[in-house]
Amino acid sequence: SVINKIKEEYQDDKFYKRIVFHGLQPSNEVYNKMREATLFVLPTYSEGFPLVIMEAMACGCPIITTPVGAIKEMLTYNGEVEGYLVPPRNVEKLKETIIYCLEHKNEISQKASMAQEKVYTTYTMEIVMRQLVNIWIS
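Residues numbered from 1 in each chain as written. Predicted model: local features only at pLDDT ≥ 70, side-chain atom pairs only at ≥ 80, totals over all residues. Heavy atoms only, no water.

Give a description of the side chain of threonine 65 that names residues and reports values.
Along the chain, the position of threonine 65 falls in strand 2 (residues 63-65). At a separation of 2.7 Å, a polar atom in the side chain of threonine 65 contacts the main-chain carbonyl oxygen of leucine 42. Not counting the four nearest positions on each side in its chain, threonine 65 is found in contact with Leu42, Thr44, Ile53, Ile71, Leu75, Tyr84, Leu85 and Val86. (Helix = DSSP H or I, 4+ residues; strand = E, 2+ residues; numbered from the N terminus. Polar contact = N/O pair within 3.5 Å; in protein donor to acceptor, adjacent residues only side chain to side chain. Contact = heavy atoms within 4.5 Å.)

So, in structure tokens, the structure goes:
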């Protein structure tokens, strides 16, 4: 399995002991884990509008991801990207960014708070439905 390969490859890395693999969990547990997590990392190659990014934002979890699909726009609030973007397939930059984030907890916490604010001012069901109704009416 992928998890076993990761465990074998990185068990001697100084940050490895801080990584926890939880496996399949019910949604409420996933949200609880996101709220408690130090980082949410999604090194994806292709996406459209990934709901998991919004879920992490709503949980106030600092985010590291790639700028594919709508991700950069999702994380941009008041002209600032409220997360950390790394080029797709750039493992070294991903590693550097994870280390940077683990060493700058105040900064990542501020970005996570702003991302959370964006979700609740832009992506709530009430706001999105109002926008859809206005589009349909026009």
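Read on for the rest.
Can you explain the pattern of salt bridges? Please cite residues and give values.
According to the stated counting rule, one finds one salt bridge in the structure shown. Of the charged contacts in the structure, one is a salt bridge between arginine 130 and glutamate 126, with a shortest N-O distance of 3.1 Å. In this pair, arginine 130 and glutamate 126 are both assigned in helix 7 (residues 125-137), four residues apart and thus about one turn of the helix distant. Arginine 130 sits in the partly exposed class, given a relative accessible area of 45%. (Salt bridge = Lys/Arg side-chain N within 4 Å of Asp/Glu carboxyl O. Buried < 20%, exposed > 50% of the residue type's maximum accessible area, 1.4 Å probe, protein only.)

Before we move on, can you summarise the side chain of lysine 118 with the specific residues and values?
In this fold, lysine 118 is placed in helix 6 (residues 105-122). Notably, lysine 118 is buried but unbridged: the nearest opposite-charge side chain belongs to glutamate 73, and the N-O separation is 8.3 Å. Apart from the residues within four sequence positions on either side, lysine 118 is in contact with Met57, Glu73, Met74, Thr76, Tyr77 and Tyr123. (Lys, Arg positive; Asp, Glu negative; His and termini not counted.)

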